[in-house]
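So the chains spell out like this:
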Amino acid sequence: MSEQTVTHAGFCAIIGAPNAGKSTLTNRLVGAKVAIVTHKVQTTRFPVRGVAQVGTAQVVIVDTPGIFVAKRRLDRAMVKAAWGGADDADAVVHLIDASAWVAEHEGHTSGAQRHSLDDDRRVIQQLKDAGKRAILALNKIDLFPHDRVLPVMAALSAEGVYEEIFMISAEKGDGIDKLSAAIAAGMPEGEALYPPDQVADLPMRVLAAEVTREKLMLRLHQELPYQLTVETESWEERKDGSVRVQQVIIVGREGHKAMVLGKGGAQIKEIGRQARVELTEMMGRPVHLFLFVKIDERWQEKRENYSGFGLEFDV
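Residues numbered from 1 in each chain as written. Predicted model: local features only at pLDDT ≥ 70, side-chain atom pairs only at ≥ 80, totals over all residues. Heavy atoms only, no water.

> Would you take a moment to explain the overall build of the protein chain for this structure?
When its secondary structure is counted, the protein chain shows 10 helices and nine strands. Relative to its 315 residues, the protein chain shows a buried fraction of 51%. At a minimum sequence separation of 6, the contacts of the protein chain that also span at least 24 residues come to 72%. Accessible surface, the protein chain as shown: approximately 14,500 Å² in total, 50% of it carbon and sulfur. (Helix = DSSP H or I, 4+ residues; strand = E, 2+ residues; numbered from the N terminus. Buried < 20%, exposed > 50% of the residue type's maximum accessible area, 1.4 Å probe, protein only. Contact = heavy atoms within 4.5 Å. Areas by Shrake-Rupley, 256 points an atom, 1.4 Å probe, with all protein chains shown as cover.)

In structure tokens:
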């Protein structure tokens, strides 16, 4: 699509509980990987913007951090960023894990599903309080026959905050075209906000650090993934077209460093290999990735670690 053919352009925020599938949906709508995806909750820490072309509309999809009860400073900043993304958007999609609601309707919910339901209801109440309307996307409908979700659709429709309701599978792609068309229909008239070949509004240094953090989250267990962050320290373009990237993995304790390194350095070596493979594929050129681990007990309390991601420190 040429830039001149864009007649409508705007922002759509994807909000919802942690692990509802927001990053998967963002990547699906954009048609490229712009947000990291793991099976762990609270993977996304800051709003990630992906650029989708839908007919003559350009839609900037804003993948927001999950909305949950926030206690730590980083968590509070993440939730504030999520609602900030919704406030500034031309359209809002509330993504809900339909399987949790189906389970509740049928009388059998897990602890994780109950948390998800509480978060969903909190979002609904905040939409009501703000007088804001949203598009509802019921995700993960590939997990059960559609007739089992009909009572859930009726109950959520009765809340009075949803303009339209769609049943989708962000992972499989079911229902995405209809949802995408509805989002595009809500975009105001205007010229393209980004060049037609751009899929993400995220510096490559930041995206590269996020890819490495994704691999860490997938391989490390329990609370450790939430106690670390990744920074790209140097980015060197080489004459042969390759790039040398040096990143530091920041952890809070000595024991965490040992877990990231693994026995004989095996863990960090494998994490580096996986990140390098993905970055090479994303960039279409060789990537030489070097990882180091640093201990900083107070990294979550340092203002500079927030501003670079567009997060507010004083919340």
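> What is the right way to read the sheet that holds strand E2 (residues 48-54) from this model?
Across a sheet, paired strands are connected by hydrogen bonds in the backbone, their directions being either parallel or antiparallel. Within the open sheet, the six strands sit side by side as E2-E3-E1-E4-E5-E6. Their pairing is mixed. Because the sheet does not close on itself, it has two edges, and the strands there are E2 and strand E6 (162-167). On average, each strand axis in the sheet is tilted by 25 degrees relative to the strand beside it, whichever way the strands run. Where helix H4 (residues 111-130) meets the sheet, it contacts strand E1 (8-16), strand E4 (91-97), strand E5 (134-139) and E6, and its direction lies at approximately 155 degrees from that of E4. (Pairing = 2+ DSSP bridges. Axes fitted to C-alpha atoms, helices over the stretch in contact; angles between N-to-C directions.)

> Where do I start with the sheet that holds strand E9 (residues 287-295) in this structure?
Read across the sheet, three strands follow the order E7-E8-E9 without closing on themselves; strand pairing throughout is mixed. Both edges of this open sheet fall to strand E7 (228-237) and E9, since each of them pairs with a single strand only. Neighbour-to-neighbour, the strand axes of this sheet turn through a mean angle of 20 degrees, independent of strand direction. In the sheet, E7 pairs with strand E8 (residues 243-251) via nine bridges, with the strands oriented antiparallel. Paired with Trp235 across the strands is Val245, a residue of E8. Where helix H7 (residues 204-219) meets the sheet, its contacts fall on E7, E8 and E9, and the angle it forms with E7 comes to roughly 135 degrees.

> Would you mind going over H7 with me for this structure?
In an α-helix, one turn spans 3.6 residues, which is why side chains three or four residues apart end up on the same side. Taking 1.5 Å as the rise per residue, H7 with 16 residues should run 22 Å; its terminal C-alpha atoms sit 23 Å apart, in good agreement. Of all the 16 residues making up H7, 12 are buried; the element is thus mostly covered by neighbouring parts of the structure. Every buried residue of H7 is accounted for by Val206, Leu207, Ala208, Ala209, Glu210, Val211, Thr212, Arg213, Glu214, Lys215, Leu216 and Met217. Considering only its buried residues, H7 is in contact with E7, E8, helix H8 (254-261), helix H9 (266-283) and E9. (Expected span 1.5 Å × (residues − 1).)

> Help me understand the packing of aromatic side chains, please; the structure alone is not making it clear to me.
To describe a pair of aromatic rings, one takes the distance between the centres and the angle between the planes. With the rule as written, the count across this model stands at zero aromatic pairs. Above the face of the Phe290 ring, Arg244 is positioned so that its terminal group lies 4.2 Å from the ring centre. (Phe/Tyr/Trp six-rings, centres within 6.5 Å; stacked < 30°, edge-to-face > 60°. Lys NZ or Arg CZ within 6 Å of the ring centre and 35° of its normal.)

> Is there a simple way to explain the nonpolar core in this structure?
Within soluble globular proteins, side chains that are nonpolar generally end up buried alongside one another. With 28 residues, the main nonpolar core has Cys12, Leu25, Leu179 and Ile183 as its most contacted residues. Elements that contribute at least two residues to this core include exactly E1, helix H1 (22-30), E2, strand E3 (57-63), E4, E5 and helix H6 (176-185). For this core, the leading source of residues is H6, giving five residues. Setting aside chain neighbours within four positions, we find Cys12 in contact with Val59, Val60, Ile61, Val62, Ala89, Ala91, Val93, Ile183 and Met187. Membership of the second largest hydrophobic core comes to 25 residues, among which are Ile15, Leu127, Val149 and Tyr162. (Core = buried A, V, L, I, M, F, W, Y, C linked by side-chain atoms within 4.5 Å.)

> Help me understand the pairing of E2 in this model?
Successive side chains on a regular strand alternate, one facing one side of the sheet and the next facing the other. Of all seven residues that make up E2, five are buried, and the element is covered over most of its length. Looking at chain direction, E2 and E3 are connected through seven bridges and run antiparallel. Bridge pairing in E3 places Ala52 opposite Val59. Counted along the chain from E2 to the antiparallel partner E3, the turn is two residues long, and its residue Gly55 has a positive phi close to 60 degrees.

> What is the right way to read the pattern of salt bridges from this model?
Any two side chains of opposite charge can pair, on the condition that their charged atoms come close. Per the stated rule, a full pass over the model turns up 11 salt bridges. A salt bridge links Arg121 to Glu104; the nearest nitrogen and oxygen atoms lie 2.8 Å apart. Here Glu104 lies in helix H3 (residues 98-105) and Arg121 lies in helix H4, a separation of 17 residues in the sequence. Relative accessible area serves as the criterion here: at 38%, Arg121 is assigned to the partly exposed category. (Salt bridge = Lys/Arg side-chain N within 4 Å of Asp/Glu carboxyl O.)

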